[in-house]
Amino acid sequence: MPQNRISIFDTTLRDGEQSPGCSMDLEEKLRMAEKLEELGVDIVEAGFPIASEGDFAAVKAVAARCRGVKVAALCRTSEQDVARAAEALAHAASPRIHTFCATSDIHLEHKLKKSRAEVIEMTRRAVAQARNYADDVEFSAEDATRSDIDYLCEVLNTAVEAGASVLNIPDTVGYTTPTEMKYLVEQVNQRVVRDRDVIISVHNHNDLGLAVANSLAAIEAGARQVECTINGIGERAGNASLEEIVMALHVRADRLPFETGIVTSQLYPASQLLSSIVGFEVQPNKAIVGRNAFAHEAGIHQHGVINNPLCYEIMTPESVGVPANSLVLGKHSGRHALSLRYMELGYDVAASELDAAYTRFTELADRKKRIYDQDLISLLNATVGAAAA
Ligand code: KIV
Ligand code: ZN
C-alpha cells in the first residue's frame, strides 16, 4: 500500500453496537456490513464472538457474505476467546483476529487483577495462538493512553515478536489530547515498530469530544489505520466518527495529504441506513451527515450561497451523498418524488416495490409531519422484508 494510504477499520457492528440502544439483529448487521463494503472500508469488525451466540453468528454470517473486505473478530487474550474468534472467521475470505488486553495499572489492578509480567505473557500466548489461525493479527493495548509508556512499549513489542502486524493504541476512555496522541504514536513508531513491517492503528473514544482530532493527530504522527464508526456511535460518548475523519482528510488534503478507499458519496446513505436500523437520528448539527450540515438559515449566508456555494460550504452536499434536490416529502408527494429520492439514496427500486413502499409512505405521512430519509429506508426495508416473507 502507498505510504500515505490510511486503512479505515470500521467497528460500527462491534464497538458501535455497544452503544446504548444500538443493538442490531443478524439481518440488520448483514445489511449494514454490505453497506460498509460498498462504502469502501478496509476492515469490518463484525463482533466479539465469545460474548454471545448472536455475536458469533454475526461474525460468521458477515464473513460469509462480505468477500471483498477484511472481516475482524474481537477476542480477549484467553485461549477460549481466541479459538472462538478463529472459529467464527473460519470461512472468511480475508480474516483478521483482533486480540486485546489492558495495559494501564488501573485496569491491571482493579479489573484484570494481573501483574505486568502476567499481561506480557498473556499477550505473547494469545498473539501466537491467533497466528496459528490467521496471518493477519491485530493487538490492542486497552487503555493505552493511561498506561506507563515504557511498559506499553514492552507489551507492544511482545505482540510484534509473537506475530502481530497491526498494533492498536486505544484511547479507551477518551482522555487524551491531540498533542499527547501524536507523541504516543511517534514513540511507538521509534521504540517498537522501527524498520519492521507493522502498522500503527488508533482507536479513539469521544468522551471529551476529541476523538476525531486525536485520530488526525495520530495519522500525522505515522498511524496508518484508524478505527471508527458510522455516525460516531459507540460506548458512552461514542467512537471517532468515520465520516468526519474521511472528509477532514478529503477537504484538507493540502494539510493532510492522505488517502482512503472510501467512496465519499456513500457516507450519507450509510449514515441514514444506520439511523434507520438503530431507530434514532443523529443530532441535527452533526458534521457531514446531520440534517443541518448543509442548511443555511441566515439571510446573509443564503445570499452568499446563492451567489457561490463556496462562500459558506467547504464541500458540496453531493460529495457526501446528500441528495441535491430539496423536495420535501410529505403527504402530498407523489410516486415520482419518492422514486427520485430512492434513486438519490442509491436504491434501485422495482416498480412493484415502489407501489408497496408508496402505500406505506402515504400511511406514514398521515401520521408524521416530516418524513426523513431514514424513514424512507426503513419503510423500503419493511416492504422488501414483507414481500420476501
Ligand atoms: O476502547 C477500546 O479500548 C476497545 C478495544 C477493545 C479496542 O474497544
Ligand atoms: Zn472502544
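See above for the structure.
Draft legend 1. Representation of the pattern of salt bridges in the model. Under the defined criterion, the tally for this structure stands at 32 salt bridges. When the shortest N-O distance is used, the salt bridge between aspartate 105 and arginine 116 registers 3.0 Å. Of the two residues, aspartate 105 is situated in helix H4 (residues 105–112) and arginine 116 in helix H5 (residues 116–133); the sequence distance between them amounts to eleven residues. Given a relative accessible area of 32%, arginine 116 falls into the partly exposed group. Two residues, aspartate 207 and arginine 236, come together in a salt bridge whose shortest N-O distance is 2.7 Å. Taken as a pair, aspartate 207 in the loop between strand S7 (199–204) and helix H8 (211–221) and arginine 236 in the loop between strand S8 (225–228) and helix H9 (242–251) lie far apart in primary sequence, 29 residues in all. The exposure class assigned to arginine 236 is partly exposed, which follows from its relative accessible area of 46%.

Draft legend 2. The arrangement of the sheet that holds strand S3 (residues 70–76) in detail. Taken in spatial order, the eight strands line up as S1-S2-S3-S4-S5-S6-S7-S8 and close into a barrel, and their pairing is parallel. Neighbouring strand axes in the sheet, compared pairwise and without regard to direction, differ in orientation by 25 degrees on average. Strand direction decides the pairing type here: strand S5 (residues 137–142) and strand S6 (residues 166–171), joined by three bridges, are parallel. Directly across from glutamate 138, in S6, lies its bridge partner valine 166. Lying over the sheet, helix H6 (residues 149–162) contacts S5 and S6, oriented at roughly 165 degrees with respect to S5.

Draft legend 3. Region of the structure containing the packing of H5 against H6. Axis separation between H5 and H6 bottoms out at 8 Å; the angle between their running directions is 25 degrees. Comparing their axes, H6 and H5 come out roughly parallel. Crossing hand, H5 versus H6: right-handed. Residues Arg116, Val119, Ile120, Thr123, Arg124, Val127, Ala128 and Arg131 of H5 form the contact with H6, whose own contacting residues are Tyr151, Glu154, Val155, Thr158, Ala159 and Ala162. Along the lines of polarity and charge, the residues of the contact of H5 with H6 split into eight nonpolar, two polar and four charged.

Draft legend 4. How the structure looks around the coordination of the zinc ion (ligand 2). Within the first shell, the zinc ion (ligand 2) binds the protein through Asp15 (OD), His203 (NE2) and His205 (NE2), at distances of 2.0 to 2.1 Å. For the zinc ion (ligand 2), the single-chain donor residues occur in sequence as D-x187-H-x1-H.

Draft legend 5. Layout of unusual backbone geometry. Positive phi outside glycine occurs at arginine 194, with the angle close to 50 degrees. Relative to the elements of secondary structure, arginine 194 occurs in the loop between helix H7 (178–193) and S7. Here the phi dihedral of isoleucine 288 falls at roughly 70 degrees; this positive angle occurs in a residue that is not glycine. Positionally, isoleucine 288 belongs in the loop between helix H10 (267–278) and helix H11 (299–307).

Cut-off values and rules
Residues numbered from 1 in each chain as written. Chains lettered and ligands numbered in written order. Predicted model: local features only at pLDDT ≥ 70, side-chain atom pairs only at ≥ 80, totals over all residues. Heavy atoms only, no water. Salt bridge = Lys/Arg side-chain N within 4 Å of Asp/Glu carboxyl O. Helix = DSSP H or I, 4+ residues; strand = E, 2+ residues; numbered from the N terminus. Buried < 20%, exposed > 50% of the residue type's maximum accessible area, 1.4 Å probe, protein only. Pairing = 2+ DSSP bridges. Axes fitted to C-alpha atoms, helices over the stretch in contact; angles between N-to-C directions. Contact = heavy atoms within 4.5 Å. Parallel < 35°, antiparallel > 145°, perpendicular 65-115°, else oblique. Left-handed = near helix turned anticlockwise from the far one by under 90°. Nonpolar A, V, L, I, M, F, W, Y, C, P; charged D, E, K, R; others polar. Donors = N, O, S within 2.8 Å, 3.2 Å for Na, K, Ca; no water.

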